[in-house]
Every structure is written in C-alpha cells, then in structure tokens.
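Residue-level structure breakdown
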Amino acid sequence: MGKNLVPPSGGDDNIHPVDLKAALEERYLAYALSTIMHRALPDVRDGLKPVHRRIIHAMSEMGIRPNSAFKKCARIVGDVIGKFHPHGDQSVYDALVRLAQDFSQRYPIVDGQGNFGNIDGDGAAAYRYTEARMTDVAALLLEGIGEDAVDFRATYNEEDEEPVVLPGAFPNLLANGASGIAVGMATSIPPHNAHELCDAALYLIKHPDASVEKLVEFIPGPDLPTGGVIVESRENILDAYKTGRGGFRVRAKWETEDLGRGGYQIVITEIPFQVQKSRLIEKIAELLLARKLPLLEDVRDESAEDVRIVLVPKSRTVDATLLMESLFRLSDLESRLPLNMNVLSLGKVPKVMALNEVLSEWLAHRKDVLVRRSRHRLAAIDRRLEILGGLLVAYLNLDEVIRIIREEDEPKQVMMAKWSLTDNQAEAILNMRLRNLRKLEEFEIRKEFDELSNEKAEIEGLLASDEKQWQTVAWEIGEVKKKYAKATEIGRRRTQFADAPDADIEAIQQAMIEKEPVTIVISQKGWIRALKGHMSDTSSLTFKEGDGPKLAFPAQTTDKLLLLTTGGKAYTLGADKLPGGRGHGEPIRIMVDMENDQDILTAFVHDPSRKLLLVSTAGNGFIVAESEMVANTRKGKQIMNVSMPDEAKLAAPVTGDHVAVVGENRKLLAFPLSQVPEMSRGKGVRLQRYKDGGVVDVKCFALADGLSWSDTAGRLFTKVGEELREWLADRATVGRTVPKGFPRSGKFGG
C-alpha cells in the first residue's frame, strides 16, 4: 500500500514558519559561495577554474595525450558532463573551444582540429565536427597526477574521483590569464610570458623576500596572444602588480606603407587583446559615415592568416600620428585591460594577491607536489625492494624452494617460517614463472636491488633537505623555461612596450571634426543654430514670433565658441555640436546652465592668442586673456564679478596702447592701456567716473594711428596726436564732452 502523503490533523502541525529574510540570506550566501568556489575564480596553484580542470582530467582519463590521435569533441564533452561536470553541454564546449584558441590563450591547453572560431568573433563548428587532444602545456599541468601529487575528491555522483587541483608544472595562472565574474567579486588577469615568469620564479626561490619592484624587472608586463603595444607608464604597471588591481592601456600595432609620390597608407598588423576584428572595422566604418574621422578616407580589411587592416588617409598631407591618435580615442584600437588578481588561495580563500604572492603560492604548491611524488616513489621502491629481497632468498635456495612447492601442502607458510619471509615476498616467489629461473636473472635482480637502493637513498636525502627540494623545483622550472624560451616561436614576446606620443590634445580634437564653414546665428531670446556655409546676408532668416536676430558671425565646425553673459560668466560651445539650420535652432539655456535673470551679452569664435577688455555698466573693467575664459563644463566660468543692477556690458578686443571710453553722459575719456590690469577673474578697476548713468562704448586704439569712429551716414572721422589732447587723461576721471561729429548713439561704430 502507498504511503499516506496527507499530513495528520489537517496539516497544520507539520508547517514550519521561516523568516523570509533569514532564508533568503542563507540560500543566496550558499549560491554566492558556490559561484565563487566552483565556477568563477581560478585556483592560484594551477590557474584553472573547475570546468577547465575537469576538461583536462577527462581528456587524461580518456588517454588523449599530446602524441595520441585526435578525438571528437562530442566524446570529450560527453565524458566531462557525464562524469565530472553536471552542467550544460554548450557551456562546457565553449570552455573547451576557448582553451584551443591561440588568439584567446597565450599557451593553448587544447590542440584543436577543425573550425575553432576566429578573431573576427565567428563561433566554432558544432562539437560533432571538431576534434581535440592535449597540448604539451596540458601534459605539464598533469605531470605526476598518478603519483599521489594532489588530493582527489569524489565527483558529484560519488561514482568517480577527480583532482582537487592539478600538479601544475606550468605557471598557468599568469601565463594564460583568467577572467570571471562571481557574486560580489570578479577576477581579470591578462596573459604573461612563460619565460619571464620562470625567470621571476627562479629568482624568488633564491630570494624568498624579493620585492615586486625586483620581480617586475623580470616580468615587465603582460604578453598578449594578439600582440599589440602597451602604453601604460612604469609606475602604473608597478602599482598594479603591487596591489593586484590596476589596468594596462593596449594599442594596436601600426606602420605606414609608402605608396610612392608622397602618398602612404597605414597598416594595422596587431589589434588589442579580446577585440573582435570585424566589429572593430564596423565601428571605424560607422565613425567614417558619421563624419567623425575627417582625416580618414577609407578602411579595408585585407587580413588572411595574419591581421592586416588598411587605413587610407584623406590626403598625403595628413599626419599619420594625428590620424591614429584620433582613432585610438574613438575606437577599440586602444583598449584597457583590467588587472584584478582575485584568486582562490590554497583553493579555499578568495583573495586579491600581489605578483610576489601569486608566484610564491605556485612555488609552494610545486614543492608540495615534489614531496608527495617523492614519498609515493619511496613507498613504491620499498615495496619493490621487499619483493626483490624475497626473490634473492629464492635464488640462493632454489632447490629447497622447488622441493617445498612440490612436496608441502602449505608451501607459503613453510617458506615464511623457514626464511622469515613476509606474505608479499612468499607470494612473489610462488608467482614466479619457470622462465625466470635462468642464472642471469639473479644478476639482474641484484642490479635492480642496488639501483633502487641508491634511488631510495637519494629520495630520502631529498625529503630530509629543504634546500635540495628547492633545487629540484628550480631544475623543473628551468626545464619548462627551456621548452618555452623566448628563442622559440611560441615563447617569443609578442606584446611590446612604448610611450604614447605626446600629441597635442587640441589638434586631436580638431582631427575628429570635419572642417566646414558655418554661420552661427543667435536670436534675441537666446536661440542658437549653425547654418551651412558663410552667409553674408542674414536678413532673410526667420525667427520665432516675438523674436529677432541678435548676432550672426562666420565660423568653422572645428572652432570653439565663447559666450559671455550679462552676469559676467563665460561658456564654451563646440561649433560642430550646434543644431543645424533647419527650424529655429535650440535655446542656449538647455546647452549650458545659465541663470534666468541673465542674458547673452556677446558670442564670438575663440582665439587663444587674443585678449579682451571687459567693461561693466558702471564703468569698471579689466583685461582678460581669452585662453582663461574657456570652460569645459555646462556650469561655465565666472569671469567678471558683477551684482545687480551692475552687469557686464562690453567686451572689446585689446589692440594698440590706449583705451577710449564713452558714457551715457556723452563724455569721452582716453587713457593708456597700461593703466588697466590683466586678471583671470575679478571686478576690475574704474575706467571712467559718472555722476549718473553708465558706460555706452569702449574701444582700444594705437595713439600713433589716432582714434577713429564713423557716423550714421558711414563717414569716417579720425583724431590724431594734438587733436586728442583734451580727451587724454588718467583712468577713472570724468572726461570731456565728445568731439563734434560723434554719433548720437554714443558708439564708435555709428
């Protein structure tokens, strides 16, 4: 009869209330721990995550060695998920594929046959088509696995055993790098050069307290499978290795190819690590179409086995460095490789480690593996010596042994009693074949006995001496170094180091904007637009109802515009970022943070070599260099300190050696320019004194050329030398009534 599943007494008694917060915390913590320990973070000792370790172990169990035949990836994946890794077949195959890609792994662990994807981002063929076997790197990682080098644990269904960590004779963590995102932590380690890692490890064996500064002499930085150029400063690299956190700027490697007659093209031969080539070229093409790269004419992909991206400049006069600098800014031709050496220390504790700590833990693991393998070998020698000792007794008493075996009912017990043999020895004698009774066999047994005795003495000496153990570890590392030396094709350094050229930031920004003539139009109510071309006649322009023209001036899209408000603030806008000529443009107030009670005083094309004379309504003023007025934020820059009712009123370009000021009271005053101070911000000094009213106009002029103005009819008047004497005085005086013929508007321009 089936079991009754209905709880007794209505079911209330067997319901246990659980605090939701506590339950969620407990279960999420368990999930987080599982992700950290068994999925995302590599072990510092062999540099592998569980999925990679299980793939290598499964291949080892299947007998797929570097020198054996290739086996279908479907078989390998099936074994991995069936015996060791109960996860999706696609995720395991993706991990296997990545281990075989020479553009992803600096030293591939899997030797793939078939389509394993490419640098353009195309995926591998399905696992029923591809085949794989181990590389020599995988064999090194497994070296000694059958000699009790590492601990084993039961697999998920407890039918098999799997290694907790691999022996790891190859410095895999740093050589191949790792990346993974766990819960609340991540890891990101770029690949390095194995030769350099071995050099640093050998130095660390001799000097266990070596500083990171010293180790960086051996390991100057990452060595990426795709090459490229690292342009990070030495201080930043050192700091990253010291703290275990940082990053490296990597740029594509490029050169110019001469096409004759002064023409050239740029060829990119290496791109940054983990950048998809096809996506990179698409991005450059998009930038080209969006007219963000005015120096570039065309981009072509001429790659075959090697990377070859051709960039065609607009003209032969284009500076190649400037073109590349603009591309580095806008595309993935420059990318940042993060370094976050967050790994499982001793396979248990997640920890961000410095370079010396990572290498020290690997070396400690190698020594531990050596001791365990030596003890395993010692136990095997002892077992063999015991048997050889028994066999020697048999040879010395051969006739007696044969007699006992033929005549006694319990020959084993008799022999053990007669010659004090152990059970194993008696068993070995009884299992001997007749063909082994040759006379020669005794010499061979004695020879093997002596050789094993010598080996036993050596191993015992090794186990007793810490120094000998380190010497052996150093010898093993030396062998790996020979195999992956920089002189070999796989071992040569691929990534170079360079300083980024000190390019002019202004010039680079100009290089990113298509240079076109525009006319900037600003309305009285503060709407701005940029019309294509230089318009001489702006009278035909339309404005919103109740609005009209305020300013219109020619510019280039590469220009910066300076806007000055009545509140004394300066704002900077890029001419290329202004709305086009369709419609009425956009209000300046949505582009910059302008106060509501302020208006636009003036706007003009920024000229860094020019100086301006700023004047407030009350007649205060000072000189400011235009380069001081540039503000790179929406907030702008306070230049002239004014408070209502006083406002910024005029901005005149500084020329000559004198200043002429006219007030609303129609008094004109001229004085030397040297009396006005140059400041980057302030209230200024009094230029002209008024009883009431304020300033109307100001003009800088050269005394030798005289002061000019034009009237409403367009006639030009000039007063030179003696004619100006009655208006020349010191700053902050009242001045004299304007000369005859001066415009009624009180402005020098009529």
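Residues numbered from 1 in each chain as written. Predicted model: local features only at pLDDT ≥ 70, side-chain atom pairs only at ≥ 80, totals over all residues. Heavy atoms only, no water.

1. Thoughts on the overall build of the chain
- Tallying secondary structure elements over the chain gives 18 helices and 35 strands in all.
- Here the C-alpha radius of gyration of the chain, 42 Å, is well above what a compact globule of 750 residues would show, namely 27 Å.
- Its C-alpha atoms give the chain principal-axis dimensions of about 155 × 85 × 50 Å.
- Taken across its 750 residues, the chain has 47% of its residues classed as buried.
- Within the chain, contacts between residues separated by at least 24 positions form 67% of all contacts whose residues are at least 6 apart in sequence.
- In the structure as shown, the chain presents an accessible area of about 37,900 Å², 50% of it carried by carbon and sulfur atoms. (Helix = DSSP H or I, 4+ residues; strand = E, 2+ residues; numbered from the N terminus. Rg over C-alpha atoms; globule rule 2.2 N^0.38 Å. Buried < 20%, exposed > 50% of the residue type's maximum accessible area, 1.4 Å probe, protein only. Contact = heavy atoms within 4.5 Å. Areas by Shrake-Rupley, 256 points an atom, 1.4 Å probe, with all protein chains shown as cover.)

2. Concerning the pattern of salt bridges
- If you walk through the whole model with that rule in mind, you get 42 salt bridges.
- Between R153 and E162 there is a salt bridge, with its nearest N and O atoms 3.4 Å apart.
- The partly exposed category is assigned to R153, whose relative accessible area is 30%.
- E302 is paired through a salt bridge with R308; the nearest N and O atoms lie 2.9 Å apart.
- Because the salt bridges share partners, they merge into one network encompassing R106, E196, D223, K486 and R493. (Salt bridge = Lys/Arg side-chain N within 4 Å of Asp/Glu carboxyl O.)

3. Here we look at the sheet that holds strand β31 (residues 685–686)
- With respect to topology, four strands assemble into an open sheet ordered β28-β25-β26-β31, the strand pairing being antiparallel. This sheet does not close on itself; its edge strands, each paired only once, are β28 (648–653) and β31.
- Summarising the sheet, strand β25 (residues 611–616) and β28 pair through five bridges and their orientation is antiparallel. From the neighbouring strand, L612 faces β28, where its bridge partner is P653. (Pairing = 2+ DSSP bridges.)

4. Observations concerning empty space enclosed by the protein
- Summed over the entire model, instances satisfying the criterion amount to one cavity of 30 Å³ or more.
- Taken together, V44, R45, P171, N172, L173, L174, V358, L359 and W362 make up the full set of residues lining the largest cavity.
- Secondary structure elements with two or more residues in the lining of the largest cavity: α6 (172–176) and α12 (355–396).
- When its residues are assigned to classes, the lining of the largest cavity shows seven nonpolar, one polar and one charged. (1 Å grid on protein atoms, 1.4 Å probe; cavity = no way out; pocket = protein on both sides within 12 Å on 5 of 7 lines; lining within 4 Å. Points joined across faces, edges and corners; volume = space filled by probe spheres on them. Nonpolar A, V, L, I, M, F, W, Y, C, P; charged D, E, K, R; others polar.)

5. Observations regarding the side chain of R373
- Mapped onto the elements of the fold, R373 is located in helix α12.
- For R373, a relative accessible area of 19% puts it in the buried group.
- Non-local contacts of R373, meaning those with residues more than four positions away in its chain, are made with E143, G144, E147 and A149.

6. With respect to the side chain of T226
- Tracing the chain through its elements places T226 in the loop between α8 (212–218) and β8 (229–230).
- Polar contacts involving the side chain of T226 include one to the main-chain carbonyl oxygen of I271, which spans 3.4 Å.
- Sequence-distant contacts of T226, defined by excluding residues within four places in its chain, comprise F103, I119, E270, I271, P272 and F273. (Polar contact = N/O pair within 3.5 Å; in protein donor to acceptor, adjacent residues only side chain to side chain.)

7. Some words on the packing of α12 against helix α17 (residues 466–483)
- Two elements in contact, α12 and α17, have axes whose closest approach is 10 Å; the angle formed by their N-to-C orientations is 110 degrees. Between α12 and α17, the angle falls in the class roughly perpendicular. Only D466, Q469, W470, T472, V473, E476 and I477 of α17 make contact with α12, whose side of the interface consists of W362, L363, A364, R366, K367, L370 and V371.
- Partitioned by chemical class, the residues of the contact of α12 with α17 number eight nonpolar, two polar and four charged. (Axes fitted to C-alpha atoms, helices over the stretch in contact; angles between N-to-C directions. Parallel < 35°, antiparallel > 145°, perpendicular 65-115°, else oblique.)

8. A look at the UniProt feature "site: Interaction with DNA" (unreviewed entry) in the chain
- Mapped onto the present numbering, the UniProt feature "site: Interaction with DNA" (unreviewed entry) falls on K49, H85 and H87. Across 39 residues, the annotated set stays spatially compact, with a maximum C-alpha separation of 14.0 Å.
- Relative to the helices and strands, K49 resides in the loop between α1 (20–40) and α2 (50–61).
- Judged by its relative accessible area of 13%, K49 is buried.
- Contacts of K49, omitting those with residues within four sequence positions, involve R39, A40, L41, P42, S179 and G180.
- The topology assignment puts H85 in the loop between α3 (73–84) and α4 (89–100).
- Setting aside its immediate chain neighbours within four residues, H85 contacts V51, R54, V80, V92 and Y156. (UniProt positions renumbered as here; feature names shortened; annotations may be inferred.)

9. Some remarks on the packing of aromatic side chains
- Inspection of the entire model under this criterion finds seven aromatic pairs.
- Ring geometry for Y107 and F170: centres 5.4 Å apart, planes at 70 degrees, overall edge-to-face. Note that Y107 is positioned in the loop between α4 and β2 (110–113) and F170 in the loop between β5 (161–163) and α6, a separation of 63 residues in sequence. Neither Y107 nor F170 differs from the other in exposure class; each is buried.
- Their ring planes at 40 degrees and their centres at 5.2 Å tell us that Y203 and F218 sit as a pair that is tilted. Separated by 15 residues along the polypeptide, Y203 in helix α7 (residues 194–206) and F218 in helix α8 bring together distant segments of the chain.
- Through a chain of ring-to-ring contacts, three or more aromatic side chains come together here, namely Y107, F170 and Y484. (Phe/Tyr/Trp six-rings, centres within 6.5 Å; stacked < 30°, edge-to-face > 60°.)

10. Quick word on the domain arrangement of the chain
- Taken as a whole, the chain is organised into domain 1 (33–169), domain 2 (252–331), domain 3 (512–603) and domain 4 (606–627 + 637–749).
- Taking only C-alpha atoms into account, the centre of domain 2 sits 52 Å from that of domain 4. (Domains from an automatic or database assignment.)

11. Let's talk about the sheet that holds strand β13 (residues 309–313)
- The strand order β10-β11-β13-β12 describes an open sheet built from four strands, whose pairing is antiparallel. Here the strands that pair on one side only, and so sit at the sheet edges, are β10 (253–260) and β12 (296–301). Averaged over all adjacent pairs, the angle separating strand axes in this sheet is 25 degrees, with direction ignored.
- Note that β12 and β13 share five bridges and pair antiparallel. Within β13, the position partnered with V299 by the bridge is L311.

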